[in-house]
Amino acid sequence: MSETAKLTRGSVRGHLVGQTLPMVFGVAAIMSVGLIDAYFIGQLGAQELAAVSFIFPITIAISSLGVGVMVGINSVIARALGEGDVARAERRANFGAALALVSGVVLGLLLYLLLDPLFRLMQAPDELLPLIREYMRPYALGLPVLLLQMGLNGVLRGQGEARKTSYVSLTYSGANWILDPILITGAFGIGGFGVAGAAYASIIGFGIAILVALWLIKDAQLPIRPSTIPQCDVKESTKAIMSVAGPAAFSNAINPIGLSVLTALLASQGEAAIAGFGAAGRLQAFATVPLLALSGSIGAIVGQNWGARRADRSRRAMKWSAAFCVAYGLATAILLYFTGSWFADFFTNDPAVIEEFSRYLAISVWGYAGFGLLIVANGALNAVDKAGFALAQSAARVFLVMLPFGWILRASWGSEAIYAAELVANLAGGALAAFVVWRVLRSGPGDEETGTTNR
């Protein structure tokens, strides 16, 4: 067993709690930024809000690429530490951070040059293009900052430093909370920059988060030392990171794509259905924060133990995680099922929207446990270099179950077909993910005897 990887020793349950709890706060903080942005941009006017609606899918797709890079760095570091090869873990950490920065430069330049063709392809009206450019030009030039911040988060996650990762996320979110009203609408005698202000706030927030991450990494097991990068085999290191990062990025992007198509299918059911679906979706996003946090934290635990040839501990971590997904998913489902109308009153006073909001929750909440199993299993699969399996089951959930179900039944079931499509997809996806991850972890790299402290 590696003595360099702290997650290979001690209680598995204790590590799950210790790694996940800080990430709950970090994930919730990150998700709150979108709500804050939408609130202040909404004060600018309907056109600005419409422009952001076109921008949102692009920023989500780019964020998914960043998350993929972060997961790839996390995976290679965790496994190297588990194997006891600290020198390789340090090289991969520094190379991964550099790779994230270079990826941000390339993506940023491409996005900047292709802005108009991209948004014309998305059928953005001519009158909205100036507003879209206002946001996207600084955002594109700031992509190196975004990708570097995510890369540094991957360095921290791979070492099992979940608490420090949450500090970085809270720093970025806190900066946005403060800067949004100042830079978007104007405050304290400072004139706002309109839609562009939201982009400036994000870039500055990521820049501040980078400084905090570098400060926290300084005292971690694997410090940032660029002098180790020339010692790397560039081809091998890039392949190791991207073999996980590529599939993980697409896997993260698939769910937003599927929900976008469901929204388009729902449009035929009227504005109330769209509004109810969107508002309930925001509530649902917060309800599933603990599941998202667990999916982010399990990678370091499974990866380090897998590298240390402790597949028994990796399986144990997945068992406890699966039990939490089922228990939390069902408890949350019961709560939201009986309180859907009450929560709807916070978003709207339109009876038609409240009815759709409640109907969506009454159906979709019963799939939370399955959704949790899917994303946590994906986190474990990415950690053991099986990102292709994670991508395949995410794609199957959306393209083989969710979209066909909604498309075929919407004519006879109306909006309920869309809500049921999400439910069935989550249940089927969770069942498939549980089966796949258990088969993978059961055929592990080799076990050692389990001591009494390895619960």
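Going by the structure above, here's the rest.
Keep in mind that this is a model prediction, so the values were computed, not measured. (Residues numbered from 1 in each chain as written. Predicted model: local features only at pLDDT ≥ 70, side-chain atom pairs only at ≥ 80, totals over all residues. Heavy atoms only, no water.)

**Structural notes on the overall build of the protein**
Turning to step 1, where the next piece is worked out: Each helix and strand in the protein was counted, giving 16 helices and 2 strands.
Turning to step 2, where the next piece is worked out: By the compact-globule yardstick of 23 Å for 455 residues, the protein fits well, its C-alpha radius of gyration being 22 Å.
Turning to step 3, where the next piece is worked out: The principal-axis extent of the C-alpha atoms belonging to the protein is close to 60 × 50 × 35 Å.
Turning to step 4, where the next piece is worked out: Of the contacts made within the protein by residues no fewer than 6 positions apart, 81% connect residues no fewer than 24 positions apart.
Turning to step 5, where the next piece is worked out: Here the protein displays about 18,900 Å² of accessible surface, and carbon together with sulfur accounts for 67% of that area.
Turning to step 6, where the next piece is worked out: Charged side chains of the protein number 31 positive and 27 negative; the gap between the two group centres comes to 11 Å. (Helix = DSSP H or I, 4+ residues; strand = E, 2+ residues; numbered from the N terminus. Rg over C-alpha atoms; globule rule 2.2 N^0.38 Å. Contact = heavy atoms within 4.5 Å. Areas by Shrake-Rupley, 256 points an atom, 1.4 Å probe, with all protein chains shown as cover. Lys, Arg positive; Asp, Glu negative; His and termini not counted. Charge placed at Lys NZ, Arg CZ, Asp CG, Glu CD.)

**Points about the nonpolar core**
Turning to step 1, where the next piece is worked out: If you look at the biggest cluster of nonpolar residues, it comprises 59 residues, and the most contacted ones within it are Leu 111, Phe 119, Ile 132, Met 136 and Tyr 139.
Turning to step 2, where the next piece is worked out: Listed in part, the 30 residues of the second largest apolar core include Leu 294, Ile 301, Ala 317 and Val 376. (Core = buried A, V, L, I, M, F, W, Y, C linked by side-chain atoms within 4.5 Å. Buried < 20%, exposed > 50% of the residue type's maximum accessible area, 1.4 Å probe, protein only.)

**Details of the pattern of salt bridges**
Pairs can form between side chains of opposite charge whenever their charged atoms are close.
Turning to step 1, where the next piece is worked out: For the coordinates displayed, the defined rule picks out 11 salt bridges.
Turning to step 2, where the next piece is worked out: The partner of Glu 90 in a salt bridge is Arg 225, with the nearest N and O atoms 2.6 Å apart. In this pair, Glu 90 sits in helix H3 (residues 86-113) while Arg 225 sits in the loop between helix H8 (195-217) and helix H9 (234-266), placing the two residues 135 residues apart along the sequence.
Turning to step 3, where the next piece is worked out: On the accessibility criterion, Arg 225 (42% relative accessible area) is partly exposed.
Turning to step 4, where the next piece is worked out: Via salt bridges that share partners, Glu 355, Glu 356, Arg 359 and Glu 416 belong to a single interconnected network. (Salt bridge = Lys/Arg side-chain N within 4 Å of Asp/Glu carboxyl O.)

**Some thoughts on helix H7 (residues 162-185)**
Given 3.6 residues per helical turn, the α-helix brings residues three or four places apart onto the same face.
Turning to step 1, where the next piece is worked out: The end-to-end C-alpha separation of H7 is 35 Å, in line with the 34 Å expected for 24 residues at 1.5 Å each.
Turning to step 2, where the next piece is worked out: For H7, the principal kink sits at Leu 179 and spans about 45°; a proline, Pro 181, occurs within the next four residues.
Turning to step 3, where the next piece is worked out: Immediately beyond the C-terminal end of H7, within one or two residues, lies Gly 186, with a positive phi of roughly 95°. (Expected span 1.5 Å × (residues − 1). Bend = angle between axes of the 7 residues up to and from the residue.)

**Side note on the packing of helix H1 (residues 12-42) against helix H11 (residues 289-307)**
Turning to step 1, where the next piece is worked out: Their axes nearest at 7 Å, the elements H1 and H11 cross at an angle of 130°. Compared by their axis directions, H1 and H11 come out oblique. Two packed elements cross with a definite hand, and for H1 against H11 that hand is right-handed. When H1 is examined against H11, the residues His 15, Leu 16, Gln 19, Thr 20, Met 23, Val 24, Val 27, Ala 28 and Met 31 are found in contact with a partner set consisting of Val 289, Pro 290, Leu 292, Ala 293, Leu 294, Gly 296, Ser 297 and Ile 301.
Turning to step 2, where the next piece is worked out: Split by residue class, the contact of H1 with H11 holds 12 nonpolar, 5 polar and no charged. (Axes fitted to C-alpha atoms, helices over the stretch in contact; angles between N-to-C directions. Parallel < 35°, antiparallel > 145°, perpendicular 65-115°, else oblique. Left-handed = near helix turned anticlockwise from the far one by under 90°. Nonpolar A, V, L, I, M, F, W, Y, C, P; charged D, E, K, R; others polar.)

**Let's talk about the packing of helix H5 (residues 129-141) against helix H6 (residues 143-158)**
Turning to step 1, where the next piece is worked out: Packing of H5 against H6 brings their axes to within 4 Å, and their N-to-C directions diverge by 55°. Of the possible angle classes, the one that applies to H5 and H6 is oblique. Packed against H5, whose contacting residues are Tyr 139, Ala 140 and Leu 141, the element H6 presents Leu 143, Pro 144 and Leu 146 at the interface.
Turning to step 2, where the next piece is worked out: Looking at the contact of H5 with H6 residue by residue, the classes come out as 6 nonpolar, no polar and no charged.

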